[in-house]
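# Structural overview for review
Each chain, letter by letter, is given below.
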Amino acid sequence: MDRLTVGLRMEATAMIRGYAGLNGMDPNANGEAGLGISFVPTAEYYFANRTVRPFIGGGAGVYNFLSVEANSEGGGTVKVPASTKFGGMARAGVEVWHIRAAVEYNFVGKTGEINNNYLGIKLGIILGGGQYSLEDTY
């Protein structure tokens, strides 16, 4: 089936995770960026087999978030623990020749009060493949 693909997305994402509350929390906090790593089996459906190929897709898998620690100017410390979550991802995009652009939203849930959901914008180059047969354009 030329319109359906399956794959595995392995992704490392740099992010800042944190929670800022107003109850006794110093608003001048300094923090560190964390790293999220995900392994998500994916499936995509292509609406056309032409030069311009719009698609939608999704997947579900494991998301690992490393711990983050933030220190405030008042001397307090906020620690965000490492966590492993099961989550899902929805994506939509377009391929033109060997260029791919997509928007992904990752549904990961919360670690305590911290929302781990995030949006990803992707631009890439497709390696391999080639021109499609004229018979496949209908």
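Within every chain, residues take consecutive numbers counted from 1 along the sequence as written. Two thresholds apply to this predicted model, a pLDDT of at least 70 for residue-level local features and 80 or more for giving and counting side-chain atom pairs, whereas whole-chain, interface and lining totals are computed over all residues. Note that water and hydrogens are dropped before the side-chain values are worked out from all heavy atoms of the structure.

### Looking at the packing of aromatic side chains
Ring pairs shown here join Phe, Tyr and Trp side chains whose ring centres sit within 6.5 Å, with only the six-membered ring taken for Trp; geometry is labelled stacked below 30 degrees between planes, edge-to-face above 60, and tilted in between. Within the structure shown, the criterion is met by 4 aromatic pairs. Measuring from centroid to centroid gives 5.4 Å for Tyr46 and Phe55, while their planes differ by 50 degrees, and the two rings are tilted. Per residue, the accessibility class of Tyr46 equals that of Phe55, and both read buried. With centroids separated by 4.8 Å and ring planes inclined at 65 degrees, the aromatic side chains of Tyr105 and Phe107 adopt a geometry described as edge-to-face. Using a 1.4 Å probe on the protein chains alone, a residue whose accessible area is under 20% of its type maximum counts as buried, one over 50% counts as exposed, and one in between counts as partly exposed. When its relative accessible area of 46% is taken as the criterion, Phe107 is described as partly exposed. For Arg53, the ring lying beneath its charged end belongs to Tyr46, and the centroid distance is 4.0 Å. We count a charge as sitting over a ring when the NZ of a lysine or the CZ of an arginine lies within 6 Å of the ring centre and within 35 degrees of the ring normal.

### Description of the confidence of the model for the protein
Averaged over the protein, the pLDDT score is 82; the fraction of residues at 70 or greater is 75%. Within the protein, no element has a lower average pLDDT than strand 2 (residues 29-30), which sits at 50, and none a higher one than strand 8 (residues 99-107), at 97. As a per-residue quantity, pLDDT reports the predictor's confidence and falls between 0 and 100. Think of it this way: any DSSP run of H or I at least four residues long counts as a helix, any run of E at least two long counts as a strand, and we number them from the N terminus.

### Some points on unusual backbone geometry
With phi around 55 degrees, Trp97 is a residue other than glycine that occupies positive phi space. Examined against the element boundaries, Trp97 turns out to sit in the loop between strand 7 (83-96) and strand 8.

### Points about the environment of Ile56
On the secondary structure map, Ile56 appears in strand 4 (residues 52-65). We classify Ile56 as partly exposed; its relative accessible area is 44%. Between the C-alpha atoms of Ile56 and Glu104, which are 48 residues apart in sequence, the distance is 9.8 Å. The contact criterion used throughout is that any non-hydrogen atoms of two residues lie within 4.5 Å. In this structure Ile56 touches Ala43, Glu44, Tyr45, Phe47, Arg91 and Ala92, once residues within four positions along its chain are discounted.

### Some words on the pattern of salt bridges
It is possible for side chains of opposite charge to pair when their charged atoms get near one another. Salt bridge, as used here, is a side-chain nitrogen of Lys or Arg placed within 4 Å of a carboxyl oxygen of Asp or Glu. Per the counting criterion, the structure on display carries 8 salt bridges. For Lys122, the salt bridge identified is with Glu11, shortest N-O distance 2.2 Å. Of the two residues, Lys122 is situated in strand 11 (residues 118-125) and Glu11 in strand 1 (residues 4-15); the sequence distance between them amounts to 111 residues. Lys122 sits in the partly exposed class, given a relative accessible area of 27%. Residues joined by salt bridges that share partners form a network here, namely Arg9, Glu11, Glu44, Arg91, Glu95, Arg100, Glu104 and Lys122.

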